Amino acid sequence: MPSVICAEARETERFGERIGRTLQGGEVFALEGDLGSGKTTFVKGLARGLGFSGTVTSPTFNLVHRYEGGRARLLHFDLYRLQTAGELETLDLDGALESGAVVAIEWPERARAALLAGRTRWVRFEDAGSARRRVTVE
Ligand SMILES: Nc1ncnc2c1ncn2[C@@H]1O[C@H](COP(=O)(O)OP(=O)(O)OP(=O)(O)O)[C@@H](O)[C@H]1O
Ligand SMILES: [Mg+2]
C-alpha cells in the first residue's frame, strides 16, 4: 500500500493535485479518516489537478458539491451528517457513480453497500504527529 507523509495542508493538497492530473472521469475515491484529517484538503487538490480553478469548500451541510469546468466533473460527497437511507437516495450517489464524473466521498462507511461495485480507490488519512498526515492509497 503506497503511503505518503504530508507535513502540512499544502502537501496534502498537492498530493491530491498530482492524482487529480491523472484522472479522466469515472474514478471513485472513498476517503477514510477522522474529522480534520485532511480529506477535504485532498479533494481541493483533486479539483485543482482536474483543472478546476474556483473555490472548493466542504460539503458539510449540502452533503454534495459539484464542480464543473475541469477535464471531468467532480462530485464531492460528505456523508458525515447523513441521517437516513432515503437521504442517500435523494443525493443519488448511485447515479453519480455511473455518471462519468470523478466522485470523492468523505465518510464512505455510511454508504459502503453502494460502493462495493469495485473500482473504488480507498484513501486513508491518519494523524502522524504535529501537523503531519499519513495518506495511504489502496
Ligand atoms: N498535513 C496536513 N494535511 C491536511 N490538513 C492539515 C495538515 N496539517 C494541518 N492540517 C489542517 O487540518 C485541517 C484538515 O481539514 P479538512 O477539512 O481537510 O479535514 P477533513 O478530513 O475533510 O475533516 P471532516 O471529516 O471534518 O470533513 C485543515 O484545517 C488543515 O489546515
Ligand atoms: Mg471534510
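Each remark here, short or long, concerns the structure printed above.
The model shown is predicted, which means the values in this text are computed figures rather than measured ones.

Description of the site of ligand 1
Then comes step 1: Near ligand 1, the surroundings consist of 22 residues, among which Thr12, Gly38, Lys39, Thr40 and Thr41 are the closest.
Then comes step 2: Each residue belonging to the shell around ligand 1 can be placed in one class, and the counts come to 7 nonpolar, 8 polar and 7 charged.

What to know about helix H2 (residues 39-49)
Then comes step 1: Within H2, 10 of the 11 residues are buried, which leaves it mostly tucked inside the rest of the structure.
Then comes step 2: Three or more residues of H2 are buried, namely Lys39, Thr40, Thr41, Phe42, Val43, Lys44, Gly45, Leu46, Ala47 and Gly49.
Then comes step 3: Immediately beyond the C-terminal end of H2, within one or two residues, lies Gly51, with a positive phi of roughly 95°.

So, the environment of Ile19
Then comes step 1: Looking at the secondary structure, you find Ile19 in helix H1 (residues 9-20).
Then comes step 2: Along the backbone, Ile19 and Phe125 are 106 residues apart, and their C-alpha atoms lie at a distance of 15 Å.
Then comes step 3: Discounting chain neighbours no more than four positions away, the residues touching Ile19 are Leu46 and Gly49.

Let's talk about the nonpolar core
Then comes step 1: Counting 31 residues, the largest nonpolar core has Leu31, Leu46, Leu74, Val102, Val103, Ala104 and Ile105 as the members making the most contacts within it.
Then comes step 2: Breaking this core down by element, the ones donating at least two residues are H1, strand S2 (28-33), H2, strand S4 (74-78), helix H4 (93-97), strand S5 (102-106) and strand S6 (120-127).
Then comes step 3: In this structure, Leu31 is in contact with Lys39, Phe42, Ala104, Ile105, Glu106, Pro108, Val123 and Phe125, ignoring residues within four places of it in sequence.

Focus: the sheet that holds S6
Then comes step 1: Pairing in this open sheet of 7 strands is mixed, and the strands run S1-S7-S6-S2-S5-S4-S3 from one edge to the other. Here the strands that pair on one side only, and so sit at the sheet edges, are strand S1 (3-6) and strand S3 (64-67). Sheet twist, expressed as the average angle between the axes of neighbouring strands with direction ignored, equals 20°.
Then comes step 2: Across 4 bridges, S1 lies against strand S7 (residues 133-137) in antiparallel orientation. If you follow Ser3 over to S7, its bridge partner there is Thr136.
Then comes step 3: Most of the contacts of H1 go to S1, to which it runs at about 140°, and overall it touches S1 and S7.
Then comes step 4: Packed on one face of the sheet, H2 meets S2, S3, S4, S5, S6 and S7 and runs near 170° to S5.

Criteria and thresholds
- Residue positions are given per chain, counted from 1 along the sequence in the order it is written.
- Chains and ligands are labelled by the order in which they are written, letters from A for the one and numbers from 1 for the other.
- Owing to the predicted nature of the model, reporting of local features is limited to residues with pLDDT of at least 70; listing and counting of side-chain atom pairs is limited to 80 or more, with chain, interface and lining totals taken over all residues.
- Each residue receives a C-beta atom placed from its backbone. It is near a molecule or strand if this atom lies within 6 Å of it.
- Nonpolar residues are Ala, Val, Leu, Ile, Met, Phe, Trp, Tyr, Cys and Pro. Charged residues are Asp, Glu, Lys and Arg, and all others, Gly as well, are polar.
- Neighbour counting defines burial: a residue surrounded by 20 or more other C-beta atoms within 10 Å of its own C-beta is buried, one with 12 or fewer is exposed, and intermediate counts give partly exposed, using backbone-placed C-beta atoms.
- Starting at the N terminus, helices and strands are each numbered in turn, a helix being any DSSP run of H or I of at least four residues and a strand any DSSP run of E of at least two.
- Placing C-beta atoms from the backbone, we regard two residues as in contact once those atoms come within 7 Å.
- By our criterion, buried Ala, Val, Leu, Ile, Met, Phe, Trp, Tyr and Cys residues that link up through C-beta atoms within 7 Å make up a nonpolar core.
- Pairing between strands is defined by DSSP: at least two bridges between them are needed.
- Axis angles are defined between N-to-C directions and span 0 to 180 degrees, where every axis is a line fitted to C-alpha atoms and, for a helix, only to the segment in contact.

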